[in-house]
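The primary structure of each chain is shown beneath.
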Amino acid sequence: MPLGHNPVLDDATAGIAHDMNTETLLRTDRDHLIHPVSSWKDHEAAGARILRSGKGAWVTDSEGRDLLDGFSGLWCVNVGYGCQSVVDAATEQMSRLPYATGYFGFANEAAIALAGRLAAKAPGDLNRVFFSQGGSDAVDSALRFIRFYQHARGTPQKRHVIGLSRGYHGSTYTGAGLTALSVFHRDADVPLAWQHHIPSPYPYRHAGDGQPETIIAESVASLRRKVEELGADQVAAFFCEPIQGSGGVIVPPAGWLAAMRHTCTELGILFVADEVITGFGRTGPLFACETEQVVPDMMTVAKGLTAGYAPMGAVFMSDAIYTTIRDNTPAGVPIGHGMTYSAHPVSAAIGLAVLDLYEGGMLENGRRAGAHLAERLRAMADHPLIGDVRVSGLLAGIELVADKATKRKPAADLQLASTLSRAGYEAGILFRAFGDDIIGLAPPLCCSTAEIDLLCDRLYRVIDDLRPTMR
Ligand SMILES: Cc1ncc(COP(=O)(O)O)c(C=O)c1O
C-alpha cells in the first residue's frame with residue numbers, strides 16, 4: 001500500500017467540522033493541554049502530532065498523512081478504527097440512556113450483560129466483575145479489594161504486595177508504586193512501604209545461562225525469598241503481567257506464569273494477573289492466562305475491553321474472594337469502593353459490540369496476523385543492530401544493540417527513542433520507541449498479512465537507517 005492519501009479515510013474526515021486550523025490547534029495544545037508521561041519542555045518544543053481520523057489499521061493526521069498504526073493507539077484499538085457496529089452500539093446506547101449510576105441499587109442492561117458474558121469467558125471462577133474507567137483504577141481497585149479481603153478473613157496484617165521489576169501497573173498513587181519503572185517513581189514518593197519488587201524474568205538480559213528452567217527457578221526462588229523476608233503472614237499478593245508490556249515487551253519462558261501461580265498458592269498469597277495489555281486477543285487467546293491454563297485470584301483488564309472506543313477497565317474477582325468479603329461484612333454496611341462512572345452504559349455497550357467482533361473472527365484473524373508478524377520479525381533478527389526479537393501473538397519487542405555479539409547497549413546520548421519515532425512517522429508507521437532501545441509493536445487484530453508486511457518492511461528500513469550513526 002503506498003504512502004499518501006487513502007480515499008476511505010478522506011471520506012471519514014470530510015464530515016468533521018473544525019473551527020480551529022492546525023496552527024491554532026498546535027498553539028492551544030502547547031498553551032493548555034498537559035500530556036500524559038511526557039517531558040513538558042520537549043513537548044512544547046516539538047509540538048503535538050494531531051490525529052484526525054482512522055479506518056482499519058490506519059490513522060490520518062491533520063496534515064493528511066496516512067499512518068499504519070503498528071501500536072493500536074496505545075495497545076488498545078484491538079479491533080481497528082472505524083468499526084461501524086461499535087459506533088452503532090454506542091450511538092444507540094447514548095441516545096437511549098447515556099448514563100445510569102450503579103449506586104443505590106441501580107443498574108443498566110448493557111453493564112449487566114457485559115459482566116455476565118465476561119464472567120462466562122474468564123478463567124476458572126473469576127465470576128465477579130467490577131468495572132472501572134481504565135487500567136490504572138482497575139489496579140487500584142484490585143489493591144483496595146485485596147485489603148477488604150484480608151480484613152474480612154481476619155488477616156489484616158497481610159498487607160505487603162510484591163510485583164516485578166520493569167512491571168507497569170498504571171499511574172494511580174498505589175499503582176505507580178507497584179509499577180517498577182523509574183519514570184513513575186521519580187519525585188513521587190513511591191514505592192510505598194508495603195510495595196516490593198523481585199527481578200523480571202528477562203531472558204535476553206539474563207545474567208546466567210538464559211535457559212527457561214533457570215529463569216523460572218530463579219523467579220520462584222526470588223518470590224519465596226521475598227515472602228520469607230517479609231514474613232509469610234504479612235504478604236497479601238503477587239502482581240504480574242503475563243508479558244511485561246511497558247517494561248519493554250518482556251516475554252517470560254513458557255511455564256513461567258503457571259509456576260508463579262503455583263508458588264503463590266503454596267505460599268498462601270493471592271496471584272493477580274494484570275492483563276490490561278495482554279487481554280482481549282493481544283497474544284492470541286482472549287486472555288493470556290489461558291495459554292498455561294492459569295486461573296488467577298484476580299485479574300485486571302482495560303484497553304481491548306472496549307478497544308479504546310470509550311474508557312473502561314475491569315477487575316475480575318474469584319468467587320472465593322467475593323464471598324469472603326460478602327459473608328464477613330454485616331448487611332447494611334457498604335463495601336466502600338466505587339466511582340461515578342463504574343459500569344458506564346455507553347462503555348459497556350461498546351464492550352459488548354467489541355466482544356461480538358472478537359468472537360466473530362477478529363481473534364482468529366489476530367492469530368493469523370500474529371503468526372505472520374512472528375515470521376517476519378524473526379527473519380529480520382540477523383540484522384546487526386537487532387539483538388533480540390520477542391513475539392507473542394500481536395505483541396512484539398525488538399531490542400536494539402550497538403554490538404550484537406556483546407549485547408552492548410547503544411550510547412545513551414544518541415537518544416534513539418526520539419530518532420526512531422521521528423523516522424517511523426516519516427516512514428508512515430506508528431510503533432512505540434521505549435527509552436531503553438526497545439521497539440514495541442502491537443498492531444490491531446484486524447491487520448491483513450499485507451499490512452503486517454508493510455509495517456515490517458518500513459520498520460526494517462527505519463532500523464537500517466540507524467547504522468551509520470550507531471555506536
Ligand atoms: C499492565 C498494565 N496495567 C495497567 C495499565 C494502566 O492502564 P490505563 O493507562 O488504562 O490507566 C497499563 C497501561 O498501559 C498496563 O499496561
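Residues numbered from 1 in each chain as written. Predicted model: local features only at pLDDT ≥ 70, side-chain atom pairs only at ≥ 80, totals over all residues. Heavy atoms only, no water.

If you check an unreviewed UniProt entry, the chain appears there as Aminotransferase from Acidomonas methanolica NBRC 104435. The heading Sequence similarities (unreviewed entry) in the UniProt record of the chain holds the text "Belongs to the class-III pyridoxal-phosphate-dependent aminotransferase family." (UniProt positions renumbered as here; feature names shortened; annotations may be inferred.)

Caption draft 1: Representation of the pattern of salt bridges within the structure. As enumerated under the stated definition, the model contains 20 salt bridges in all. For Lys226, the salt bridge identified is with Glu229, shortest N-O distance 3.4 Å. Of the two residues, Lys226 and Glu229 both sit in helix α10 (residues 212–230), three residues apart, roughly one turn of that helix. By relative accessible area, which is 59% here, Glu229 ends up exposed. A salt bridge links Asp388 to Arg390; the shortest N-O distance between them is 2.7 Å. Relative accessible area serves as the criterion here: at 19%, Asp388 is assigned to the buried category. (Salt bridge = Lys/Arg side-chain N within 4 Å of Asp/Glu carboxyl O. Helix = DSSP H or I, 4+ residues; strand = E, 2+ residues; numbered from the N terminus. Buried < 20%, exposed > 50% of the residue type's maximum accessible area, 1.4 Å probe, protein only.)

Caption draft 2: View of unusual backbone geometry. The linkage connecting Val190 with the following residue, Pro191, adopts the cis geometry, with an omega of 5°. Looking at the element boundaries, Pro191 is found in the loop between α9 (182–185) and β6 (195–198). Look at Ala307: it is not a glycine, yet its phi comes out positive at around 50°. Note on placement: Ala307 falls in the loop between β9 (298–301) and β10 (313–317).

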